[in-house]
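Each chain, written out:
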Amino acid sequence: MELSRLEPLSSTKWRRPPEGGMRVPAIIFGDEALVRAMDEKVLEQISNVARLPGIVGAAYAMPDAHWGYGFPIGGVAAFDPDEGGVVSAGGVGFDISCGVRTLLTGLKRGDIEPQKEALAGRLYETIPAGLGSTGKIRLDEIEMDRMLSGGARWAIERGWGRSEDLDRIEEGGAMPGARPEHVSHRARQRQMDEMGTLGSGNHYLEVQEIAAIHDGALGKAFGLVRGEMVISIHCGSRGLGHQIGTEFLREMAVAAPAAGITLPDRELACAPARSELGERYLGAMRAAINCAFANRQILTHLTRTVFREFFAEASLSLLFDVSHNTAKEEEHEVAGERRPLLVHRKGATRAFGARHEGLPDAFAATGQPVFIGGSMGTPSAIMVGPERRPEEAFASSCHGAGRAMSRHQALRLWHGRQVVDELRERGIIVKSPSLRGVAEEAPGAYKDSLAVVEAAHLAGLSRKVATLDPLLCIKG
Amino acid sequence: MRESPKKPRSESAPRAELFAHGADIGVRGIGPTPASAFEEGALALVMAITDPARVAAESAVEIRCEAPDLGLLFLDWLNALIYEMAVRRFLFGRFAVRVDPSTGSGHRLFARAWGEPVDRVRHAPAVEPKGATLTALKVEFRDGAWVAECVVDV
């Protein structure tokens, strides 16, 4: 990205002043190297977001931002529904509530190392991954409605988890305001046998070692011990969310002119949040959030089942579950005034700091964990919501390393077999149904995850707590 | 994966291409008619997942779409295929499309797609398409051929 159009506000914060119809400035987080390496499309897309009706404060791009559709991936924007603010299906994305949860094992690397081949094999057999895979759960219409209202709570009532898990999921595992009746027949059909499936692309289940603790007190509060193993699961609302995104993106694009919305680009399709279409989308999107909660809960159950076969004493307690692709009603301070806003985070993580009223009791004193995913061979990180008030970017932080190149470019540089073999030499086992998929997701196709984490830390978006090194990866 | 040409080609020979996008994949169909470009665009969608030559034409699915403009018609066509592949656990490898000229209510598409159930070993699907997006969505006559293209979220 050419920096000449940006004003540096700090070493990790850059501002594009409002121009050409922008209602607010665009703010990009990242050190100079990260921002220079970003595609020009990131600035174009986040500047277009700044043109949308009812936007408040600024349109933000996180340090892991890259070219998306509508909003950039790593885009954050808040709209005031009472001031004509919009809700955007493209601002949430197709994989609604795609997110990460991390489980603590209490096991050391030495416990797992002798059995890692067998463990990887059993996880790969048990966790359905990739296109064409199905779960063992079949939902009829009644159960589908219950799942869409109940989220992880529904899953736990069916025996796929423990009640204490709910205290460690955003919204207590059940998103209020879900309207299953706004979820189409087609979206339901896509989900009928996809409960408890990982999906493909950048979705994964990883067994990771806690390689470093950067904040001893927070590490202790989160139950993180250097040298112990954790499990991270990255996936979302599967076919149901994809279909909801598909249907509403089109409907919003067609309806925008009649709603008096002039779109800078049709890909920014949106509707007034208080309109019939906006309310209908929000009800369906919240139901998809519950689908994602339930899906990750079932995957947690499957993971626990496998681990019990190998380590009877490992309880696999849930540290936390965060969502990346959402639009949520939250109260934030804007120019000294608290206002109810609709905060879109697309490829961005909510990052509430300590004492935030939206936190569960477990994190009231610490702030919420924020998970930054690596890519098979690169470190992941656990961060925490910032202490600063008001928080930057409506209490948001990055969500992963972010792609540094297209899938197209990655295929020119790597072969899947080569990636798997090189990782194996480093002691990392990757299991995937597709070697081409592995090549497209090669570690080198992503930005330096630790540089992204450092930039988020320096920018005050979230604070470093721990770094995780991969050991096993089940890739969709 | 076939690459996009560096310069637009002038010939209208039907062909399917993928083009680069940050996290997702761009699909492009080129042909002498909109229908041909739509067929090739569908083939490009399959190329993002697997080698279409590996997909046997065992059975057919009929698809109909209607949209106010050709761009949205292409979007609907790809999304209809994504839906059918998802719920049938299917891959398609061959397509026959007819696009009727615009009437008062818009453009209409009638199509048949041939394919088979996903074989995870033989097809080794690289990605799962989530949906076709409005990003880079274009259906236009360009350099002597019809081009239909957009970014697909994978």
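Residues numbered from 1 in each chain as written. Chains lettered and ligands numbered in written order. Predicted model: local features only at pLDDT ≥ 70, side-chain atom pairs only at ≥ 80, totals over all residues. Heavy atoms only, no water.

### Some remarks on the sheet that holds strand β2 (residues 13–16) of chain A
Residues and elements named next belong to chain A.
Then, in step 1: If you trace the seven strands from one edge of the open sheet to the other, you get β1-β2-β3-β4-β5-β13-β12, paired in mixed fashion. Looking at which strands have only one partner, the edges of the open sheet turn out to be β1 (7–10) and β12 (326–334). On average, adjacent strands in this sheet sit at an angle of 25° to one another, irrespective of strand direction.
Then, in step 2: For strand β5 (residues 73–79) and strand β13 (residues 337–346), the ladder comprises five bridges, and the chain directions are antiparallel. Considered in β13, the bridge of F79 is made with L342.
Then, in step 3: Packed onto the sheet, helix α2 (residues 40–49) meets β2, β3 (26–29), β4 (55–66) and β5 and runs at close to 160° relative to β4. (Pairing = 2+ DSSP bridges. Helix = DSSP H or I, 4+ residues; strand = E, 2+ residues; numbered from the N terminus. Axes fitted to C-alpha atoms, helices over the stretch in contact; angles between N-to-C directions. Contact = heavy atoms within 4.5 Å.)

### A few points about the pattern of salt bridges
Residues and elements named next belong to chain A.
Then, in step 1: For the coordinates displayed, the defined rule picks out 61 salt bridges over all chains.
Then, in step 2: Its salt-bridge partner being R407, residue E441 comes within 2.9 Å of it at the nearest N-O pair. Here E441, found in the loop between α12 (435–440) and α13 (449–458), pairs with R407, found in helix α10 (residues 407–413); they are 34 residues apart in sequence, far enough to count as distant. Each member of the pair, E441 together with R407, is buried.
Then, in step 3: Bridged by salt links that share partners, the residues R403, R407, R436, E440, E441 and K475 form one connected network. (Salt bridge = Lys/Arg side-chain N within 4 Å of Asp/Glu carboxyl O. Buried < 20%, exposed > 50% of the residue type's maximum accessible area, 1.4 Å probe, protein only.)

### Some details on the nonpolar core
Then, in step 1: Among the nonpolar cores identified, the biggest contains 126 residues, and I244, Y281 and F307 of chain A together with F38, W77 and L109 of chain B are the most heavily contacted of them.
Then, in step 2: Of all the elements, helix α9 (residues 276–310) of chain A adds the most residues to this core, at 16 residues.
Then, in step 3: The contact partners of I244 of chain A, leaving out residues within four places of it in the chain, are I96, V183, A187, Y281, A284 and A288 of chain A.
Then, in step 4: Counting residues in hydrophobic clusters, the runner-up holds 29 residues, among them L3, V24, A26 and A77 of chain A. (Core = buried A, V, L, I, M, F, W, Y, C linked by side-chain atoms within 4.5 Å.)

### Describing the environment of G199 of chain A
Then, in step 1: Tracing the chain through its elements places G199 of chain A in the loop between α6 (185–191) and β8 (204–213).
Then, in step 2: Taking relative accessible area as the criterion, G199 of chain A reaches 0% and is therefore assigned buried.
Then, in step 3: Each C-alpha atom of the pair G199 of chain A and R286 of chain A lies 20 Å from the other, and the pair is 87 residues apart in sequence.
Then, in step 4: Among all residues touching G199 of chain A, those that are not within four sequence positions of it are P128, A129, G130, R238 and G476 of chain A together with E128 of chain B.

### Looking at the packing of helix α5 (residues 141–157) of chain A against α9 of chain A
Residues and elements named next belong to chain A.
Then, in step 1: The N-to-C vectors of α5 and α9 enclose an angle of 20°; their axes lie 7 Å apart at closest approach. The pairing of α5 with α9 is recorded here as roughly parallel in orientation. Both α5 and α9 take part in a crossing whose hand is left-handed. The segment α5 lies against α9, with M147, L148, S149, G150, G151, A152, W154, A155 and I156 engaging A287, N290, C291, F293, A294, Q297 and I298.
Then, in step 2: Per-class residue counts for the contact of α5 with α9 are eleven nonpolar, five polar and no charged. (Parallel < 35°, antiparallel > 145°, perpendicular 65-115°, else oblique. Left-handed = near helix turned anticlockwise from the far one by under 90°. Nonpolar A, V, L, I, M, F, W, Y, C, P; charged D, E, K, R; others polar.)

### Some details on the side chain of Q208 of chain A
Then, in step 1: Tracing the backbone through its elements, the reader meets Q208 of chain A in strand β8.
Then, in step 2: With residues near it in sequence (within four places) discarded, Q208 of chain A still touches E228, M229, V230, S232, S380, L468, D469, P470 and L471 of chain A.

### Some thoughts on the packing of helix α8 (residues 238–255) of chain A against helix α2 (residues 70–88) of chain B
Then, in step 1: One way to put it is that α8 of chain A packs onto α2 of chain B with a least axis distance of 11 Å and a crossing angle of 165°. By the angle between their directions, the pair α8 of chain A and α2 of chain B is classed as roughly antiparallel. Of the two elements, α8 of chain A crosses α2 of chain B, and the hand of that crossing is left-handed. Counting all contacts with α8 of chain A, which are made through Q243, T246, R250 and V254 of chain A, the residues of α2 of chain B involved are L72, L75, D76, N79 and Y83 of chain B.
Then, in step 2: Here the contact of α8 of chain A with α2 of chain B is built from residues that sort into four nonpolar, three polar and two charged.

### What to know about unusual backbone geometry
Then, in step 1: Residue P390 of chain A is bonded to the preceding R389 of chain A through a cis peptide linkage, with omega at -10°.
Then, in step 2: Topologically, P390 of chain A is positioned in the loop between β16 (380–384) and β17 (396–397).
Then, in step 3: One non-glycine residue, A393 of chain A, lies in the positive phi region at around 50°.
Then, in step 4: If you trace the backbone, A393 of chain A turns up in the loop between β16 and β17.
Then, in step 5: Residue A393 of chain A is classed as buried on the basis of its relative accessible area, which comes to 1%.
Then, in step 6: One non-glycine residue, R89 of chain B, lies in the positive phi region at around 55°.
Then, in step 7: Within the secondary structure layout, R89 of chain B lies in the loop between α2 and β4 (90–103).
Then, in step 8: The exposure class assigned to R89 of chain B is buried, which follows from its relative accessible area of 15%.

### Concerning the packing of aromatic side chains
Then, in step 1: Under the counting rule described, the total for this entry stands at 14 aromatic pairs over all chains.
Then, in step 2: Taken together, a centroid distance of 5.8 Å and an interplanar angle of 80° make the contact between Y60 of chain A and F394 of chain A edge-to-face. Taken together, the residues span a long stretch of sequence, with Y60 of chain A in strand β4 and F394 of chain A in the loop between β16 and β17 at a distance of 334 residues. An identical accessibility class is assigned to Y60 of chain A and F394 of chain A; each is buried.
Then, in step 3: Ring centres of W77 of chain B and F95 of chain B lie 6.0 Å apart, and the angle between their planes is 85°; this geometry places the pair in the edge-to-face category. One end of the pair, W77 of chain B, is in helix α2; the other, F95 of chain B, is in strand β4, and 18 residues separate them in sequence. Both residues of the pair, W77 of chain B and F95 of chain B, count as buried.
Then, in step 4: When the ring centre of Y83 of chain B is taken as origin, the NZ or CZ atom of R186 of chain A, which lies over that ring, is 4.0 Å away.
Then, in step 5: Here R94 of chain B stacks its cationic end above the ring of W114 of chain B, 4.1 Å away from the centre of that ring. (Phe/Tyr/Trp six-rings, centres within 6.5 Å; stacked < 30°, edge-to-face > 60°. Lys NZ or Arg CZ within 6 Å of the ring centre and 35° of its normal.)

### Observations concerning the pairing of strand β7 (residues 138–142) of chain B
All names here are of chain B.
Then, in step 1: Across five bridges, the pairing between β7 and strand β8 (residues 145–153) is antiparallel. Across the sheet, residue K138 finds its bridge partner in β8, namely E149.
Then, in step 2: Hairpin connection, β7 to β8: the antiparallel pair is bridged by two residues, and D143 has positive phi, about 50°.

### Side note on α9 of chain A
Then, in step 1: With 35 residues, α9 of chain A should cover 51 Å at 1.5 Å per step; its first-to-last C-alpha distance of 52 Å lies within 8% of that length.
Then, in step 2: In terms of residue burial, α9 of chain A counts as a mostly covered element, since 28 of its 35 residues are buried. (Expected span 1.5 Å × (residues − 1).)

### Notes on the pairing of strand β1 (residues 15–20) of chain B
Residues and elements named next belong to chain B.
Then, in step 1: For β1, the buried fraction is high: five of the six residues fall into the buried class.
Then, in step 2: When β1 meets strand β2 (residues 25–31), the two strands line up antiparallel, connected through six bridges. Paired with F19 across the bridge in β2 is G26.
Then, in step 3: Counting the residues between successive antiparallel strands, the hairpin from β1 to β2 contains four residues.

### As for the side chain of T366 of chain A
Then, in step 1: Within the secondary structure, T366 of chain A is located in the loop between β14 (349–350) and β15 (369–372).
Then, in step 2: Contacts of T366 of chain A, omitting those with residues within four sequence positions, involve L218, A221, F222, A354, V384, G385 and R463 of chain A.

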